[in-house]
Amino acid sequence: MGPRRRLLLVSNSSLRGGGYLGHCQQPVRSFLGRKVNRVLFIPYALYDQDAYAKTAREKFESLGYGLDSIHESSDPVEAVRKSEAIFIGGGNTFRLLKALYDNNLLQEIRKRVLEDGIPYIGSSAGTNVATISINTTNDMPIVYPPSLQALGLVPFNINPHYLDPDVNSTHMGETRAERILQYHEEPNTPPVLGLREGTMLLVEGDKATLQGVTGARLFLRGEKPTEHEPGTDFSFLLTDSNSQKP
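Residues numbered from 1 in each chain as written. Predicted model: local features only at pLDDT ≥ 70, side-chain atom pairs only at ≥ 80, totals over all residues. Heavy atoms only, no water.

K.L.:
I tried to follow the overall build of the protein chain on my own but got confused; where do I start?
P.N.:
Across its full length, the protein chain holds seven helices and 11 strands. Taken against the 2.2 N^0.38 rule, which gives 18 Å for 246 residues, the C-alpha radius of gyration of the protein chain at 17 Å falls within 12% of a compact globule. In terms of overall dimensions, the protein chain has a C-alpha envelope of 45 × 40 × 35 Å along the principal axes. By the burial criterion, 52% of the 246 residues in the protein chain qualify as buried. Within the protein chain, residue pairs in contact and separated by at least 24 positions form 69% of the contacts whose partners lie at least 6 positions apart. Surface summary for the protein chain: the accessible area is close to 11,500 Å², and the carbon and sulfur share equals 50%. (Helix = DSSP H or I, 4+ residues; strand = E, 2+ residues; numbered from the N terminus. Rg over C-alpha atoms; globule rule 2.2 N^0.38 Å. Buried < 20%, exposed > 50% of the residue type's maximum accessible area, 1.4 Å probe, protein only. Contact = heavy atoms within 4.5 Å. Areas by Shrake-Rupley, 256 points an atom, 1.4 Å probe, with all protein chains shown as cover.)

Here it is in structure tokens:
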């Protein structure tokens, strides 16, 4: 995918005790740097896009960046083509992906990020759609996108808001780990990185590093899940040959 790729894939938009993007505002500022003046926000994952854009705009302006919301543009494709940086926020992943398909934005975003090298920030659902597919989202399919295939900015899947099993819980449904293992019962399924809340993955070209205050759990098909702390180098996941195990 080349050295131009720059991604900040955040597990969650809000962390207990903090405001919107409060837990990751310093990484966001460091990631965007001084060359970016305005960020293109894609609020399609939530129903009330005006309110969502207002929240995002207030946060990014507090960090020193202007924000344009794509839903306010008469030409979403042109808005992507002119963007300096892209931020896709959380909400319902199925609603988000359907809107990206409906507005013919997947190829445009992919080109801007992978070929032109503009920064991409995803949070929750915005992180889901940055991966191969949304198969490992936590959301209900309230609408139906044409495909579960997503942007493919990285050759693996992510499960945001990853929750560890609670040994004291009386809940009888599947744990998050069990659901991911069910996914890996299917052939040719890629790795899944379970990002706990408070964690994010920084991708710079062919290097991927875990950041944040919590850890992550990596699921590889046919192997026992492994635990990883912030600072872990996940660059090997960016190699296509490691993305699927038959």
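Back to the text.
K.L.:
Teacher, can you tell me more about the nonpolar core here?
P.N.:
Side chains that are nonpolar tend, in soluble globular proteins, to be buried together. Counting 46 residues, the largest nonpolar core has Ile42, Leu96, Leu100, Ile109, Tyr120, Val129 and Leu193 as its most contacted members. Beyond its immediate chain neighbours, meaning those up to four positions away, Leu193 contacts Phe156, Asn157, Ile158, Asn159, Leu201, Ala216, Arg217, Leu218 and Phe234. Core analysis: the next-biggest nonpolar cluster, separate from the first, contains 23 residues, Val10, Val36, Leu63 and Phe87 among them. (Core = buried A, V, L, I, M, F, W, Y, C linked by side-chain atoms within 4.5 Å.)

K.L.:
Would you explain unusual backbone geometry in this entry?
P.N.:
With the exception of glycine, the majority of residues adopt a negative phi angle, and the majority of peptide bonds are in the trans configuration. Unusually for a residue other than glycine, His161 sits at a positive phi of about 55°. Along the chain, His161 turns up in the loop between strand S6 (157-159) and helix H7 (176-183). In the Ramachandran plot, Asn188 falls in the positive-phi region, its phi being about 55° despite a non-glycine side chain. Note on placement: Asn188 falls in the loop between H7 and strand S7 (192-195).

K.L.:
Whenever I open this one, the environment of Arg81 confuses me. Can you help?
P.N.:
Assignment of secondary structure puts Arg81 in helix H3 (residues 76-82). Once the C-alpha coordinates of Arg81 and Gly212 are considered, the two residues, 131 residues apart in sequence, prove to be 31 Å apart. Beyond its immediate sequence surroundings of up to four residues, Arg81 is in contact with Glu108 and Arg112.

K.L.:
Quick question: what am I supposed to make of the pairing of strand S3 (residues 66-69) here?
P.N.:
On any regular strand, side chains alternate: one points to one face of the sheet, the next to the other face. Relative to S3, strand S2 (residues 38-42) is paired through four bridges, and the arrangement is parallel. Within S3, the position partnered with Phe41 by the bridge is Ser69. Handedness of the crossover joining S2 and S3 through helix H2 (residues 49-62): right-handed. (Pairing = 2+ DSSP bridges. Right-handed = clockwise from strand over helix to strand, strands pointing away.)

K.L.:
What exactly am I supposed to notice about the sheet that holds S3 here?
P.N.:
In any sheet, the strands associate via hydrogen bonds between backbone groups, in a parallel or an antiparallel arrangement. Here seven strands make up an open sheet; going across it, the order is S3-S2-S4-S5-S1-S8-S9 and the pairing mixed. Each end of this open sheet is capped by a strand with a single partner; those strands are S3 and strand S9 (207-212). Across this sheet, the average inter-strand angle for adjacent strands is 20°, counted without regard to direction. As paired strands, strand S1 (residues 6-10) and strand S5 (residues 120-123) are joined by four bridges and run parallel to one another. Across the sheet, Leu7 pairs through a bridge with Tyr120, a residue of S5. Against the sheet, helix H1 (residues 25-32) contacts S1, S2, S5, strand S8 (199-204) and S9, and its axis sits at roughly 170° relative to S1. Across the sheet, H2 is in contact with S2, S3 and strand S4 (86-88); its angle to S3 comes to roughly 165°. (Axes fitted to C-alpha atoms, helices over the stretch in contact; angles between N-to-C directions.)

K.L.:
What am I meant to see in helix H5 (residues 106-115) here?
P.N.:
Two residues of an α-helix separated by three or four positions point the same way, owing to the 3.6 residues in each turn. Here H5 has its buried residues at Leu106, Glu108, Ile109, Arg112, Val113 and Leu114. On its buried face, H5 sits against S1, S2, H3, S4, helix H4 (93-102) and S5. Where H5 ends, the next residue or the one after it, Gly117, has phi of about 80°, a positive value.

K.L.:
For this particular structure, what's the right way to read the pairing of S8?
P.N.:
The buried fraction of S8 is high, at five of six residues. As paired strands, S1 and S8 are joined by five bridges and run antiparallel to one another. Bridge assignment links Leu8 to a residue of S8, and that residue is Leu202. Sheet topology places S8 next to S9; six bridges connect them, and they run antiparallel. Of the residues in S9, the one forming a bridge with Thr199 is Gly212. Turn length for the S8-S9 hairpin, with the two strands adjacent in sequence and antiparallel, is two residues, and the turn residue Gly205 shows positive phi of about 65°.

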